[in-house]
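Residues per chain are reported as follows:
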Amino acid sequence: MEKRRENGQIVAKAISFLLNRITLIVLAVALVLFIGGRFEIANASQPNAELDIQRLASCYALGTDTIGTGNILEGKKIYRNCFTQDAVFTVVFPDGATETRIGTDSWADFVYAIFQQNGYLATQHLMGSINVSFENNNNKATMIAYLHATHKRSETSIDVANGTYEDEVVNRNGRWKIRNLNLKLIDFLNLSSPTTNSSAANARTTNSSTTFVVPNIPRLKQ
């Protein structure tokens, strides 16, 4: 009887030991899966956030070119998807002059006035070499993008602008938007083809030189 009791105690201790080990193993596995899942989520969210931010550059280009067609109302609507309501816009022209606007509608009015005063028939803004850098809290980022913009004056004349955007981007309510847009233009030139003589078969070949002219950029009052 005493022997049976001792065997029972040994078995009970063995079962308790095994249960404790199994519990520790289960907790360890759960912890690894939890940490690993969080790590994967963090890594996976970063590329998605970067892509969302890069799309803001395309959003801005689309809004600007919509204004370039003369449709300022639609351009303003597109801008609101790209920028915060209190966004600050600053452009530095090649001659050092600067212009600042606050709010998407104010910037759209400025862009529209520039396009209208220069007589642009259409525009095309290309954004490239986009680089996104996140801050420590991952709710703010800096986006740098290169600009190549074509502004059509006529069938034989265009204005070409090149520059660099350095924008501050923030995450508000789960959506990335540009809070500060800073554009530094490195050049703003006119490219014009001379008028060709239709009676000469080789007129375009013999008169195909291109003229570079710095266009008159209107300075609008606040």
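Residues numbered from 1 in each chain as written. Predicted model: local features only at pLDDT ≥ 70, side-chain atom pairs only at ≥ 80, totals over all residues. Heavy atoms only, no water.

Asker: I'd like a description of the pairing of strand S4 (residues 140-154), backed by residues and values.
Answerer: Here 11 bridges tie strand S3 (residues 122-134) to S4, and the two strands are oriented antiparallel to one another. By the bridge assignment, serine 133 is partnered in S4 with threonine 142. Once S3 ends, the chain turns through 5 residues before running back antiparallel as S4, passing asparagine 138 with a positive phi of about 65 degrees. Taken together, the 14 bridges between S4 and strand S5 (residues 157-172) define a ladder with antiparallel strand orientation. In the strand pairing of S5, lysine 140 is matched with valine 170. (Pairing = 2+ DSSP bridges. Helix = DSSP H or I, 4+ residues; strand = E, 2+ residues; numbered from the N terminus.)

Asker: Any chance you could break down the nonpolar core for me, citing the residues and the numbers?
Answerer: Judged by nonpolar contacts, the single largest core of 36 residues is most densely connected at Tyr79, Phe83, Trp107, Met143, Leu181 and Leu185. Secondary-structure elements contributing two or more residues to this core are helix H1 (2-68), helix H2 (72-82), strand S1 (83-92), helix H3 (104-117), S4, S5 and strand S6 (175-192). When near neighbours in sequence (up to four residues on either side) are disregarded, leucine 185 contacts Val91, Val92, Phe93, Pro94, Leu147, Ala161, Asn162 and Gly163. (Core = buried A, V, L, I, M, F, W, Y, C linked by side-chain atoms within 4.5 Å. Buried < 20%, exposed > 50% of the residue type's maximum accessible area, 1.4 Å probe, protein only. Contact = heavy atoms within 4.5 Å.)

Asker: Would you mind going over the pattern of salt bridges in detail, with residue names and values included?
Answerer: One pass over the structure, following the stated rule, counts 8 salt bridges. Arginine 101 is paired through a salt bridge with glutamate 99; the nearest N and O atoms lie 2.9 Å apart. Looking at arginine 101, the relative accessible area reads 7%, which means it is buried. For glutamate 99, a relative accessible area of 7% corresponds to the buried category. Here aspartate 159 makes a salt bridge to arginine 153, at a shortest N to O gap of 2.8 Å. Classification of arginine 153 as partly exposed rests on a relative accessible area of 26%. (Salt bridge = Lys/Arg side-chain N within 4 Å of Asp/Glu carboxyl O.)

Asker: Go over the environment of serine 133, please, and point to the residues and values.
Answerer: When you line up the elements, serine 133 lands in strand S3. Its relative accessible area of 38% is what places serine 133 among the partly exposed residues. On a C-alpha basis, the gap between serine 133 and glutamate 50 in space is 8.6 Å, while along the polypeptide they are 83 residues apart.

Asker: Can you tell me about empty space enclosed by the protein, naming the residues and giving the values?
Answerer: Space left empty within the atom packing is revealed by a probe, the size of a water molecule, rolled over the atoms. For the structure on display, the rule yields 1 cavity of 30 Å³ or more. When its volume is computed, the largest cavity comes out at roughly 250 Å³. Residue lining of the largest cavity: 20 residues in total, with Phe115, His125, His151, Leu183 and Phe188 positioned closest to the centre. Those elements that place two or more of their residues in the lining of the largest cavity are H1, H3, S4, S5 and S6. Ranked by residue count, the leading element in the lining of the largest cavity is H3, at 5 residues. Each residue belonging to the lining of the largest cavity can be placed in one class, and the counts come to 17 nonpolar, 3 polar and no charged. (1 Å grid on protein atoms, 1.4 Å probe; cavity = no way out; pocket = protein on both sides within 12 Å on 5 of 7 lines; lining within 4 Å. Points joined across faces, edges and corners; volume = space filled by probe spheres on them. Nonpolar A, V, L, I, M, F, W, Y, C, P; charged D, E, K, R; others polar.)

Scope: geometric values only; no functional claims are made or implied.
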